[in-house]
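Take a look at the letters that make up each chain.
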Amino acid sequence: MDSLTIIFTNISSGFGVAATPENLMFGMIGVLLGTAVGVLPGLGPAVAISLLLPLTFGLDPIAAFIMFGGIYYGAMYGGAMTAILVNTPGCSSSAVTTFDGHPLAKSGRAGTALLTAIIGSFVGGTFATLMLMLLAPALVEISLLFGPPEYFALMLLALIMVATIGGNNLGKSLFSTFLGIGIAMIGIDMQTGVSRITFGIPELYSGINIVLAGIGLFAIGESIWTLSGQDKSQQTQTISQTTRLGMATVEWIRSGFAWLRGTVLGFFAGILPGSGGTIAAFMAYGVEKKLSKQPHKFGSGVVEGVAAPESANNAAAGGSMVPLLALGIPGSATTAVMLVAFQMYGLQPGPLLFQNSGDLVWGLIASLYIANILLVVINLPIIGLWTKLLRIPAGLLYSSVIVFSILGAYSLKGSLSDAFIVVILGVLAFCLRKLSFPVAPVLLGIVLGPLIEQEFRRTLSISSGDLMIFLERPISAGFLAIILLSFVISLMKQTRRKTT
Amino acid sequence: MYNITRIILPLLRVNQLKKQTLKNVTTSFCALLMLCVCPQAMSNSSKNPGWQPARPIMVTVPSNPGGGWDQLGRFMQRAIGQEKLAPVSIEVVNRGGAGGIIALSELVSRYNGDPYKLMVTGFGMTGATIMHNSEFDLADTTPIARLTSEYQAIGVPFNSPYNNLEQLMAAFKKSPESIVWGGGSAGGADHLFVNLLAEKMGVDPSKINYVAFTGGGEATAALMGGQVTIGVSGYSEWGGLVEAKRVKLLGVSSQERVVNPNIATFHEIGIDVVYANWRALVAAPNISEEQKHYLIELITHARNSQTWRQILKRNNWQDSFLVGDEFARFIADDKQQTQRIVERSGLGEGGKGYAAVGPYFFPSIAGVGLLLSGIWIAISAYRRGELMLPRSEWQASFLPLLKITAILVCYLIGLRWIGFIFVTPLLIPALAMQLGSSKHAQNFAVGVVLTLVITLVFENFLNVLVP
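Here the structure is a predicted model, which is why all the values come from computation and not from measurement.

Rules used throughout
Residues numbered from 1 in each chain as written. Chains lettered and ligands numbered in written order. Predicted model: local features only at pLDDT ≥ 70, side-chain atom pairs only at ≥ 80, totals over all residues. Heavy atoms only, no water. Helix = DSSP H or I, 4+ residues; strand = E, 2+ residues; numbered from the N terminus. Rg over C-alpha atoms; globule rule 2.2 N^0.38 Å. Contact = heavy atoms within 4.5 Å. Areas by Shrake-Rupley, 256 points an atom, 1.4 Å probe, with all protein chains shown as cover. Lys, Arg positive; Asp, Glu negative; His and termini not counted. Charge placed at Lys NZ, Arg CZ, Asp CG, Glu CD. Buried < 20%, exposed > 50% of the residue type's maximum accessible area, 1.4 Å probe, protein only. Buried area = accessible area lost by both parts, 1.4 Å probe. Salt bridge = Lys/Arg side-chain N within 4 Å of Asp/Glu carboxyl O. Polar contact = N/O pair within 3.5 Å; in protein donor to acceptor, adjacent residues only side chain to side chain. Core = buried A, V, L, I, M, F, W, Y, C linked by side-chain atoms within 4.5 Å. Expected span 1.5 Å × (residues − 1). Axes fitted to C-alpha atoms, helices over the stretch in contact; angles between N-to-C directions. Parallel < 35°, antiparallel > 145°, perpendicular 65-115°, else oblique. Nonpolar A, V, L, I, M, F, W, Y, C, P; charged D, E, K, R; others polar. Phe/Tyr/Trp six-rings, centres within 6.5 Å; stacked < 30°, edge-to-face > 60°. Lys NZ or Arg CZ within 6 Å of the ring centre and 35° of its normal. Bend = angle between axes of the 7 residues up to and from the residue. Patch = residues over 30% accessible without salt bridge, like charges linked within 9 Å, V, L, I, M, F, W, Y side chains within 5 Å. Pairing = 2+ DSSP bridges. Right-handed = clockwise from strand over helix to strand, strands pointing away.

1. Digging into the overall build of chain A
For chain A, the helix and strand inventory stands at 22 helices and two strands. A compact globule built from 500 residues would reach a C-alpha radius of gyration of about 23 Å, and chain A, at 22 Å, matches this within 12%. Considering only C-alpha atoms, chain A reaches an extent of 60 × 60 × 55 Å along its principal axes. Considering only intrachain contacts with a sequence separation of at least 6, the fraction spanning at least 24 residues in chain A is 78%. Element-wise, carbon and sulfur atoms account for 71% of the exposed surface of chain A, whose accessible area totals about 16,800 Å². Here chain A contributes 24 positive and 20 negative side-chain charges, whose respective centroids are spaced 18 Å apart.

2. Observations regarding the overall build of chain B
Looking only at helices and strands, one finds 15 helices and 11 strands in chain B. Relative to its full complement of 467 residues, chain B shows a buried share of 55%. Taking contacts inside chain B between residues at least 6 apart in sequence as the whole, the part at least 24 apart equals 75%. Entry remark: accessible area of chain B is about 20,800 Å², with carbon and sulfur atoms responsible for 56%.

3. Considerations on the interface of chain A and chain B
A common measure of how large an interface is: the accessible area buried when the components associate. Taken together, the 95 residues of chain A in the interface contact 100 residues of chain B. Interface of chain A and chain B: buried area, both sides summed, is about 8,200 Å²; carbon and sulfur atoms make up 75% of it. Counting every contact that joins chain A to chain B gives one salt bridge. Of the charged contacts in the structure, one is a salt bridge between Glu141 of chain A and Arg246 of chain B, with a shortest N-O distance of 2.7 Å. Put simply, chain A and chain B have nine residue pairs in polar contact (both at pLDDT 80 or more) between them. Here the side of chain A that touches chain B takes 14 residues from helix H18 (residues 394-413) of chain A, the largest share from any one element.

4. Description of the nonpolar core
Formed by 307 residues in total, the largest nonpolar core has its most connected members in Phe68, Leu217 and Ile406 of chain A together with Ile154, Met169, Trp181 and Trp308 of chain B. Not counting chain neighbours up to four residues away, the residues in contact with Ile406 of chain A comprise Ile220, Ala419 and Val423 of chain A together with Leu408, Tyr411, Leu412 and Leu415 of chain B. Formed by five residues, the second largest nonpolar core is a distinct cluster that contains Ala98, Ile101, Ile102 and Ala128 of chain B.

5. As for helix H12 (residues 361-383) of chain B
Taking 1.5 Å of rise per residue, 23 residues should cover 33 Å, and H12 of chain B covers 33 Å from first to last C-alpha, within 8% of that figure. Residues Phe362, Pro363, Ala366, Gly369, Ser373, Ile377 and Ala381 of chain B constitute the buried set of H12 of chain B. Those residues of H12 of chain B that are buried lie in contact with helix H7 (170-184), strand S2 (195-196) and helix H20 (440-462) of chain A. Gly385 of chain B, located one to two residues past H12 of chain B, shows a positive phi value of around 70°.

6. Some points on unusual backbone geometry
One non-glycine residue, Ser436 of chain A, adopts positive backbone phi at about 50°. Within the secondary structure, Ser436 of chain A is located in the loop between helix H19 (416-434) and H20. Positive phi outside glycine occurs at Asn133 of chain B, with the angle close to 45°. Tracing the backbone shows Asn133 of chain B in the loop between helix H5 (123-131) and strand S4 (142-157).

7. Overview of the packing of helix H5 (residues 97-144) of chain A against helix H16 (residues 358-379) of chain A
Residues and elements named next belong to chain A. Orientation of H5 relative to H16, taken along the N-to-C sense of each, is 170°, at an axis distance of 10 Å. With respect to H16, the element H5 is oriented roughly antiparallel. On H16, the residues that touch Ile118, Ser121, Phe122, Gly125, Thr126, Thr129, Leu130, Leu132 and Met133 of H5 are Trp362, Ile365, Leu368, Tyr369, Asn372, Ile373, Leu375, Val376 and Asn379. Counted by class, the contact of H5 with H16 contains 12 nonpolar, six polar and no charged residues.

8. Section: the pattern of salt bridges
Counted under the stated rule, the structure contains 18 salt bridges over all chains. We note a salt bridge from Arg279 of chain B to Glu150 of chain B, for which the minimum N-O separation is 2.9 Å. Of this pair, Arg279 of chain B sits in strand S10 (residues 276-283) while Glu150 of chain B sits in strand S4, placing them 129 residues apart in sequence. Overall, Glu150 of chain B belongs to the buried group, its relative accessible area being 2%. In this structure, a network of salt bridges that share partners links the residues Asp189, Arg196, Glu453 and Arg457 of chain A.

9. Looking at the packing of aromatic side chains
With the rule as written, the count across this model stands at 31 aromatic pairs over all chains. Ring centres 5.2 Å apart and planes at 80° place the aromatic pair Phe99 of chain A and Tyr285 of chain A in the edge-to-face group. Residue Phe99 of chain A is found in helix H5, and its partner Tyr285 of chain A is found in helix H11 (residues 277-291); the two are separated by 186 residues along the sequence. The pair Phe99 of chain A / Tyr285 of chain A is uniform in exposure class, with both members buried. Taken together through their ring pairs, the aromatic side chains of Phe152, Phe456 and Phe470 of chain A together with Phe361 and Phe362 of chain B make up a single cluster. The positively charged end of Lys117 of chain B is found above the aromatic ring belonging to Tyr111 of chain B, 4.6 Å away from the centroid. Here the basic side chain of Arg146 of chain B rests over the ring of Phe330 of chain B, its NZ or CZ set 4.4 Å away from the ring centre.

10. A short note on H5 of chain A
In this model H5 of chain A runs just 31 Å from its N-terminal to its C-terminal C-alpha over 48 residues, more than 12% under the 70 Å that 1.5 Å per residue would give. Bending of H5 of chain A peaks at approximately 140° at the position of Gly108 of chain A.

11. As for a positive patch on the surface
Residues and elements named next belong to chain A. On the surface, Lys290, Lys493, Arg496 and Arg497 cluster together to form a positively charged patch. With three residues, the single largest contributor to the positive patch is helix H22 (residues 474-499). Along the chain, Lys493 falls in helix H22.

12. Some words on the pairing of strand S6 (residues 209-212) of chain B
All names here are of chain B. Side chains Asn209 and Val211 project from S6 onto one buried face, and the interleaved Tyr210 and Ala212 project onto a second face that is buried too. In terms of strand pairing, strand S5 (residues 180-183) meets S6 through four bridges, oriented parallel. Bridge pairing in S6 links Trp181 to Tyr210. What joins S5 to S6 is helix H7 (residues 189-201), and the crossover it makes is right-handed.

Following this line, the structure appears as structure tokens:
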């Protein structure tokens, strides 16, 4: 109780530092800018923050960080918005949101989808900040228990749990997943430095990362799909333009559970360095589908299919602040830039930060809360405005999406070869869809494939080639047991279905 | 001046294009040419103590945001800005990829002779150019100044049985396989340091058990969790972890105890390894002597400033300032030494170090998986008689795909050779036509407006120069 009182005093003084009119203005700028870069494919919060770095030299650190927090949370929501409205996620962590978000929008419920996304983002972000405040030191100890074997088992579990979400044909889902893993192997191998499947083309050395894959497979893929007249509803403009904002009571309840589950899952995924928002969103969606009483309805527009991933990716954003603040370890591209920002102010995040600059840390935590509240306050009233985007003729809308996508890919390294890569991936996505292969597992393979591979090889280097290490360590053994159990259960279900 | 032209230019180009007459296009080109040449000409004539920059100087960071190179670039930007050393602003852009080779080849080939381009570089880039047989190397650039050096430090978990460097190195020498090293990616500064150490200690490189992590942070986390025996990283990256009793730092790669009097050096326990991860700035090749002189002066002033001194101290960086020809000689020497380590450790061909699972294991799994699931799908489709799509279906879907792909490829080629501003207004109506939209003029107008807005926003606010 005593420590709680201390935290309470600290945080209220933190709010005292953070909640000045000037800081609120910077927070608002952050949220708007974040939402904007979230909407644009290829540009993410990391880019936005590093662009703002030189402008923030003259600012008070709290003002800068309240803005950065706004950008981080705003970008997560901005990505969801385009995912729902145009089926083209602005950042890869919102790819999952397209599964149910866009069908909702198509049936005239874009407002509902945006509403559940924005509240999910708020719940995820706020809860993550709360956990950060209360439990950061303890959480750090948990994250340190995760070594290569634990990561491997967890990522394998995620892959197996989620691989089937895109479709019901197991063979085709597997094919897509392996395709993604194969694509992810392109580039220089981290463990040995050899270049793999690059055919000696230097442009392929750095590989095809999540951002390029997200732009190519989803944004460009969807645009080509629509522009080639595959989507009859787009073509004939039958997409309903009445946008009901509200949700039915039962949907509020279903969303509520999805928000909570997504938040918890996302937060823990965020704490683990290198894991991040995309994986969190995929896993949250997978869990929601597994637990649902009507799993077959997923993909046709259910609110929890939007609520879960959106709360998960915002919670992951908050979770990644834990290793950053408590250990000085950045777990994502965005926190890596934030680390630089800290150092610019002469602060060294790490175990001593709480002791040495307590005022600032509590101000920062308070500013994360404020950024979150601003996110809702700014974006809730303009949901209706955004749904107007659907009134733009499909031809113009999607050709603009292509322009933004190509420019976004180009902006990553300033090379047109990346623009070529996303176009190729877009064509690939089109072909897969036409032959009714699910596209999402390809992205999943690209995200999880390298993690699984690297962690597996690291583990075996550590154990000198002994596979038993996976079973000797309790956490990894636990994850592997869950994988085994889920196989057994699905096998039993199948045999029961056959006998009846 | 430059900023104004940057805003006006796109307006001008597009306005002219709208009229679509050859004459107007030519005049626009003339105007464009004038505007491009003007600032340069003016600055050349106005002052004459050598060369002065007339537009922002761009510092390319050859890695993604965060990390040592990024820090150097951004802190240099800050020092020059805060001390008002240049008449123009300094912009920092990140061009990550392939250990910096992407940025290097861009500097050498695309920005050849451009005095407004600087690039951050360092030890890791030398390693990368050797390992990946890069077409270009640092000798192709114009060396400006080496700025900092960072010694490598090795640490163990706080509860490790090893308490001093001699003990630890004796264990490594006795049974190298039993010591698991954790550090940055293969071929980087951390990895090459371990190989150099092994060479000086007479340890067989094939017995080094080195585990690569994404960046220093993850390796440090693995060390604190006791996943690896020794962590190797730049001295500054250990941050406050020593005071927080998370790790024990046992050794540092300097000759004397310069960074921290409590940490032993390899040199003093009889291992002849002095090694620093240097970071520097280079410029594009074939710039004039005056331009080179200006850039060296600028960086020298920045380095001598109070701001820079503070930055060095705060980041635990060692000043290792070296300019011009001496720096060029250093680059050549460094390359030789690195080449030797890379060859000895067999890097580039897969490495000689210990690895339980090779680099081609997972690609093979993916390949076999694709093959098997492909066969499965084909068989089940054949059984259902759905192996081939109906002919009409093919025509309905793949013909439009072909058209759109062709348009996009033309667009990309246009981007490369003509420029964003000219081809984008054409792309929009061309794509919209695919859906049967026949309002070409309207679509074209939308394209023009969009192009204009994008160019303004991306170039002025997002710092992305459109192709």
